[in-house]
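# Examination of the molecular architecture
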Amino acid sequence: MEVSLKTAIIWTFAVSLSGIMSALICGVTLKSKYSRVFTLSVYGIFYIIGFVISFLLYYINISNDFGGIVIMSALIWAACLILSVGHWSSKWFVAIMATLISNVSTFFICGPTLSFITETSDPYNINTISVFISLKVVMFALLFVLYKIRLRDTVRSLIETLGGKMGGYLPVAVASFFGFYIINVITNNMGIIPSDVTRSQIDQIITLPGNFEMRYVFIALYGVISLIFVFEFWQIFSSVFWSSRALKTEAELNVAKQIQQDMLPCIFPAFPDQTDFDIYANMRSVKEVGGDFYDFFLIDESTLAVAIADVSDKGVPAALFMVITKTLIKNNAISGKSPKEVFETVNNMLCENNEAGMFVTAFLGYLDLRSGKFTYVNAGHNAPLLRSGDSDPTERRFDWLNVTPGFVLAGMEDMFYKTHEVTLRPGDELFLYTDGVTEAVNRENKLFGSPRLLETANAYLNLPLKEFTVSIKREIDKFADGAEQADDITMLVLRYKSA
């Protein structure tokens, strides 16, 4: 289709407005490496290059959108890569999505304006192009304001959450862009009326039986195609959004996990200057954070407190309740209260405002390092194992510690807890654990169980404490045979050395 020089220039300007819109979106989304003047200058140079190429192609064939869409978009992508800060994949993603937004919105108003609103046989007349430009400027202004207010900060947050690396989302974005270009070419060929067709012929061509005009079919077609691309863009954006949310949540949970681990004594030997006892403990959560905890600390120079507990839930709620419980137990123990008094006080404090209905099984004991007397209370927790009996420490074997399980913490106010005592001799060991050990399941849904735990503990006598817990965990994993861990697994072992 032959066009005048003036028409080619005006049409090139109309189409190249998409490049300006794309550059603006890139500019407000990504941080520039350089000054504003230099950045605008470079974008301007790339725009002029795209304008000249597009003009030459349109002057030869005004229906050829290769220059106006693909080349101009590619130049904006290149300028964005050069001028913006960040990983190359995030810059590419923003640039491609910016050009896709600009061109899809152009597509939405281009076809009806040029091919169906015009009353002449030439869709590229000056009046029609002027209307197209006016509509495009208004639409771009609205889109840009909406993007800057509602979407820009979200896109920035997504990029930051993903660490700027968005290469996994680029293939879909690139495919969407070139898919749009192909559909644009097809609809151009379908919708543009040749210049040598008369008005009477136009009426025959665009009128269907029943006086239903074909133009409405094409308007509907443009609308449907535009909605498809809007939906696809939203799907791409949603995919990135939810992926970034998942990564952000994972990162936050990793931080929470690290904080939780740092709250537990995790440096061993824990008391390198103490020669009268040895202690080791570890915890493995079924989720990023867990409800189990252990603790040990010196109340005074001759009294060691050891505690282990299991909150009724898992994950973040259990971890929060765990932090509260651990803090309350330690604070009350350090204040000079007996194990019985600690549990009775903590129980009432946990019952206050416990709308979630959570509870804690717990075991707390004080070891007198001078006499070996171990005073303890149990709030519904698993009975520990005690290695004692024979005068020869190497011959002593584990058996269940005599303890009456009291009521759980946070279950009911004003509960009373019974105090128990046992005297440890040098070489005696106390093994505390949570029900994640005995309730570990295998592929046949069978429990590891208390009898198997007792047998396993006695199979690894005389090992260093760390190796002892590692061996038990290894036996649990062997028993599970690949079955998913169902609960947090926590173990603490204490060896009394001398009176």
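This write-up is about the structure you can find in this document. These numbers were taken from a predicted model, which means no experiment stands behind them. (Residues numbered from 1 in each chain as written. Predicted model: local features only at pLDDT ≥ 70, side-chain atom pairs only at ≥ 80, totals over all residues. Heavy atoms only, no water.)

### Considering the packing of helix α2 (residues 36-60) against helix α3 (residues 66-83)
- Put simply, α2 and α3 touch, their axes get as near as 9 Å, and they point 160° apart. Taken together, the axes of α2 and α3 are roughly antiparallel relative to one another. Remark: the crossing between α2 and α3 carries right-handed chirality.
- Broken down by class, the residue content of the contact of α2 with α3 amounts to 20 nonpolar, 5 polar and no charged. (Axes fitted to C-alpha atoms, helices over the stretch in contact; angles between N-to-C directions. Helix = DSSP H or I, 4+ residues; strand = E, 2+ residues; numbered from the N terminus. Parallel < 35°, antiparallel > 145°, perpendicular 65-115°, else oblique. Left-handed = near helix turned anticlockwise from the far one by under 90°. Nonpolar A, V, L, I, M, F, W, Y, C, P; charged D, E, K, R; others polar.)

### Observations concerning the nonpolar core
- Trp 11, Cys 26, Tyr 43 and Phe 93 are the most contacted members of the largest nonpolar core, which totals 54 residues.
- Elements that contribute at least two residues to this core include exactly α1 (5-29), α2, α3, α4 (88-117), α5 (126-161) and α6 (170-191).
- What Tyr 43 contacts, discounting residues up to four positions off in sequence, is Ala 23, Cys 26, Gly 27, Ile 76, Ala 79, Cys 80, Leu 83 and Ser 84.
- One finds Tyr 366, Leu 369, Leu 492 and Tyr 496 within the second-largest nonpolar core, a separate group that totals 50 residues. (Core = buried A, V, L, I, M, F, W, Y, C linked by side-chain atoms within 4.5 Å. Buried < 20%, exposed > 50% of the residue type's maximum accessible area, 1.4 Å probe, protein only. Contact = heavy atoms within 4.5 Å.)

### Describing the pattern of salt bridges
- Tallied over the full model, the rule gives 11 salt bridges.
- In this structure, the salt-bridge partner of Asp 428 is Arg 396, at a minimum N-O distance of 2.6 Å. Of this pair, Asp 428 sits in the loop between β10 (420-423) and β11 (429-433) while Arg 396 sits in the loop between β8 (385-388) and β9 (397-400), placing them 32 residues apart in sequence. Across the pair, Arg 396 and Asp 428 agree in class, each one buried.
- Between Lys 473 and Asp 477 there is a salt bridge, and its shortest N-O distance comes to 2.4 Å. On the criterion of helical spacing, the pair formed by Lys 473 and Asp 477 is a turn pair, its members being 4 residues apart in helix α13 (residues 465-480).
- When its relative accessible area of 35% is taken as the criterion, Asp 477 is described as partly exposed.
- What emerges from the salt-bridge pattern is a single network uniting Arg 284, Lys 473 and Asp 477. (Salt bridge = Lys/Arg side-chain N within 4 Å of Asp/Glu carboxyl O.)

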